[in-house]
Amino acid sequence: MKKITKQTYLDWYKDMLFWRKFEDKLAAVYIQQKVRGFLHLYNGQEAILAGALHAMDLSKDKMITAYRNHVQPIGMGEDPKKVMAELFGKVTGTSKGMGGSMHIFSKEFGFYGGHGIVGGQIPLGAGIAFGDKYKGSDAVTLTCFGDGAARQGSLHEAFNMAMLWKLPVVFIVENNGYAMGTSVGRTANHTDIWKLGLGYEMPCGPVDAMNPIKVAEAIDEAIQRARRGDGPTFLEMKTYRYRGHSMSDAQQYRTKDEVEEYKKIDPITQILDVIKEKEYATAAEIASIEKDVKARVKECEQFAEDSPYPEPQQMYDMVYEQEDYPFIS
């Protein structure tokens, strides 16, 4: 695995703080009805993306996930201004404002969505990996989904075929404990989701996903296995979301005290503590990073505000490739 250095810690802090503040801004503008539809935020789960990016080769590896999907394409290289604009429904967005919050997509940077169908991305991720293997590439696809999606039958079909064909895919369940609002313990007679891999003799295991180092180590091992042609791995990232499933979630299934308890092991705070302890940055330098993050978020918001909405004709151009489609007057 690439060495974890002083710069790694500083980059992790800067990136995770930006992702957190970016989504805090989305929550604020959602209340103002500038972002419509559903909004699912990643607050608390940032260590998974930070660790994954450290292990990935972004020149060829790919990622696909569910609808909690705003910060992943940013981490992989997409312009955050375009992501913000997409959430605002503006023409300057990643999909010209046609995808919105749940369907961020960036083929240019190897990010394949953003999927609203629960568990729908699991076989798709295996399919992307199949394509790479078929073409002779040693690229690996990270296929992420939530603990609720782990109960989908498509997971078992994808696991079986991925093992049978030794596909270069890393299956990652981001277990934040509650899916949409039902605890893991109430959805099955077992709470160790990673053990689902045992039925397919797939290498699998749990990971402390509040710590990006643990995440990076586990994903690096899985990626190297896939690159060697030895097939998939299934990792259960044990994490926690601080906000509700979506902005409309009343969160009656947990207490405020529980949330506060998990905030004591916040991944961003953990990294900042190491930076301070090892004197990787002075108080002034940390303050400068935080000021820069705030300015970047403001820039993204201003870009989205100033961008125009798409013209109505764009909707037809997106749906109908044939210009003289006979059923449109």
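Structure's up top.
A short tour of the structure in this document, coming up.

The rules behind the values
- Each chain carries its own residue numbering, running from 1 in the direction its sequence is written.
- Predicted model: local features are reported for residues with pLDDT of at least 70 only, side-chain atom pairs are reported and counted for 80 or more only, and whole-chain, interface and lining totals are derived from all residues.
- Heavy atoms throughout the structure, all of them, feed into the side-chain values; hydrogens and water do not.
- Runs of H or I in DSSP of at least four residues are treated as helices and runs of E of at least two as strands, each being numbered from the N terminus.
- Method for areas: the Shrake-Rupley scheme with a 1.4 Å probe, in which residue coverage is limited to the protein chains shown.
- Counting rule for charge: Lys and Arg are taken as positive, Asp and Glu as negative, and neither His nor the chain ends is counted.
- All charge positions are set by atom: Lys at NZ, Arg at CZ, Asp at CG, Glu at CD.
- By nonpolar core is meant a set of buried Ala, Val, Leu, Ile, Met, Phe, Trp, Tyr and Cys residues that side-chain atoms within 4.5 Å join together.
- Relative accessibility under 20% of the residue-type maximum defines a buried residue, over 50% an exposed one, and the middle range a partly exposed one, all with a 1.4 Å probe and only protein chains included.
- Note on definitions: a residue-residue contact is assigned when non-hydrogen atoms from the two residues lie within 4.5 Å.
- When DSSP finds two or more bridges between two strands, those strands count as paired.
- Each axis is a line fitted through C-alpha atoms, taken for helices only over the stretch in contact, and angles between the N-to-C directions span 0 to 180 degrees.
- In protein, a polar contact requires one atom able to donate a hydrogen and another able to accept it; more generally it is a pair of N or O atoms within 3.5 Å, and residues adjacent in sequence count only if both atoms are side-chain atoms.
- Note on angle classes: values under 35 degrees are labelled roughly parallel, values over 145 roughly antiparallel, values of 65 to 115 roughly perpendicular, and the remainder oblique.
- Rotating anticlockwise by less than a right angle from the far helix to the near helix defines a left-handed crossing, while the corresponding clockwise rotation defines a right-handed one.
- Residue type decides the class: Asp, Glu, Lys and Arg count as charged, Ala, Val, Leu, Ile, Met, Phe, Trp, Tyr, Cys and Pro as nonpolar, and the leftover types, Gly among them, as polar.
- The length a helix should cover is 1.5 Å for every residue beyond the first.
- We count a salt bridge whenever a side-chain nitrogen from Lys or Arg sits within 4 Å of a carboxyl oxygen from Asp or Glu.

## Details of the overall build of the protein chain
Move 1: Scanning the protein chain from N- to C-terminus turns up 11 helices and 5 strands.
Move 2: Along the three orthogonal principal directions, the C-alpha set of the protein chain runs to about 55 × 55 × 40 Å.
Move 3: Counting only carbon and sulfur atoms, one obtains 52% of the accessible surface of the protein chain, whose full area is about 15800 Å².
Move 4: Both charge centroids of the protein chain, one from 40 positive and one from 45 negative side chains, sit 2 Å from each other.

## Observations regarding the nonpolar core
In summary, soluble globular proteins display a tendency toward joint burial of nonpolar side chains.
Move 1: If you look at the biggest cluster of nonpolar residues, it comprises 62 residues, and the most contacted ones within it are Tyr13, Trp19, Leu142, Ile219, Met237 and Ile275.
Move 2: When near neighbours in sequence (up to four residues on either side) are disregarded, Tyr13 contacts Ile268, Ile271, Leu272, Ile275, Ile286, Ile289 and Glu290.
Move 3: Membership of the second largest hydrophobic core comes to 20 residues, among which are Ala149, Met163, Val184 and Met202.

## Some words on the sheet that holds strand β5 (residues 233–238)
Move 1: Spatially, β1-β2-β3-β5-β4 is the arrangement adopted by the 5 strands of the open sheet, whose pairing is parallel. Bordering the open sheet on either side are β1 (62–64) and β4 (204–208), each of which pairs with just one other strand. Across the sheet, the mean angle separating the axes of adjacent strands is 25 degrees when strand polarity is ignored.
Move 2: With 3 bridges connecting them, β1 and strand β2 (residues 141–146) associate as parallel partners. Within the sheet, the bridge partner assigned to Ile64 lies in β2 and is Thr143.

## With respect to helix α4 (residues 80–87)
Move 1: Counting buried positions over the 8 residues of α4 gives 6, a clear majority of the element.
Move 2: Among the residues of α4, Pro80, Val83, Met84, Ala85, Glu86 and Leu87 are the ones counted as buried.
Move 3: If you follow the buried residues of α4, they end up packed against α1 (6–31), α3 (71–75) and α10 (283–306).
Move 4: Backbone geometry just downstream of α4 places Gly89 in the positive-phi region, at approximately 75 degrees.

## Looking at the environment of Arg68
Move 1: Inspection of the secondary structure assignment puts Arg68 in the loop between β1 and α3.
Move 2: Placed 53 residues apart in sequence, Arg68 and Gln121 show a C-alpha to C-alpha distance of 12 Å.
Move 3: In this structure, Arg68 is in contact with His40, Leu41, Tyr42, Gln45, Asn176, Arg241, Gly244 and His245, ignoring residues within four places of it in sequence.
Move 4: Within polar-contact distance, the side chain of Arg68 engages the backbone oxygen of His245 at 3.2 Å.

## Observations regarding the packing of α1 against helix α9 (residues 267–277)
Move 1: Running from N to C, α1 and α9 point in directions that differ by 150 degrees, and their axes come no closer than 9 Å. As the angle between them shows, α1 and α9 are arranged roughly antiparallel. Seen along the crossing, α1 lies across α9 with a hand that is left-handed. Counting all contacts with α1, which are made through Tyr9, Leu10, Trp12, Tyr13, Met16, Leu17 and Arg20, the residues of α9 involved are Pro267, Ile268, Ile271, Leu272, Val274 and Ile275.
Move 2: Partitioning the contact of α1 with α9 into residue classes produces 12 nonpolar, no polar and 1 charged.

## Observations concerning the packing of α4 against α10
Move 1: Relative to each other, α4 and α10 sit at 50 degrees, their axes nearing to 8 Å. In this view, α4 runs oblique relative to α10, as classed from their interaxial angle. Of the two possible hands of crossing, α4 and α10 adopt the one that is right-handed. Residues Pro80, Lys81, Lys82, Met84 and Ala85 of α4 form the contact with α10, whose own contacting residues are Arg296, Val297, Glu299, Cys300, Glu301, Phe303 and Ala304.
Move 2: Considering only residue class, the contact of α4 with α10 consists of 7 nonpolar, no polar and 5 charged.

## Notes on helix α5 (residues 121–134)
Move 1: If you check α5, its first and last C-alpha atoms are 20 Å apart, about what 14 residues at 1.5 Å a residue would give, namely 20 Å.
Move 2: The first or second residue beyond α5 is Gly136, which carries a positive phi of 80 degrees.

## Structural notes on the pattern of salt bridges
Move 1: The full count for this structure, using the stated rule, is 16 salt bridges.
Move 2: Notably, a salt bridge pairs Glu78 with Lys82, separated by 3.9 Å at the nearest N-O pair.
Move 3: The partner of Asp192 in a salt bridge is Lys195, and the shortest N-O contact between them spans 3.4 Å.
Move 4: Judged by its relative accessible area of 41%, Lys195 falls in the partly exposed class.
Move 5: Taken together, the salt bridges that share partners define one network made up of Arg20, Glu46 and Asp266.

## Description of unusual backbone geometry
Move 1: Note that the residue after Gly113, namely Gly114, is joined by a cis bond; omega there is 25 degrees.
Move 2: Assignment of secondary structure puts Gly114 in the loop between α4 and α5.
Move 3: Its identity as a non-glycine residue notwithstanding, Gln33 has a phi of 65 degrees, on the positive side.
Move 4: In this structure, Gln33 sits in the loop between α1 and α2 (46–55).
Move 5: If you check the backbone angles, Gln251 has positive phi at about 55 degrees while not being a glycine.

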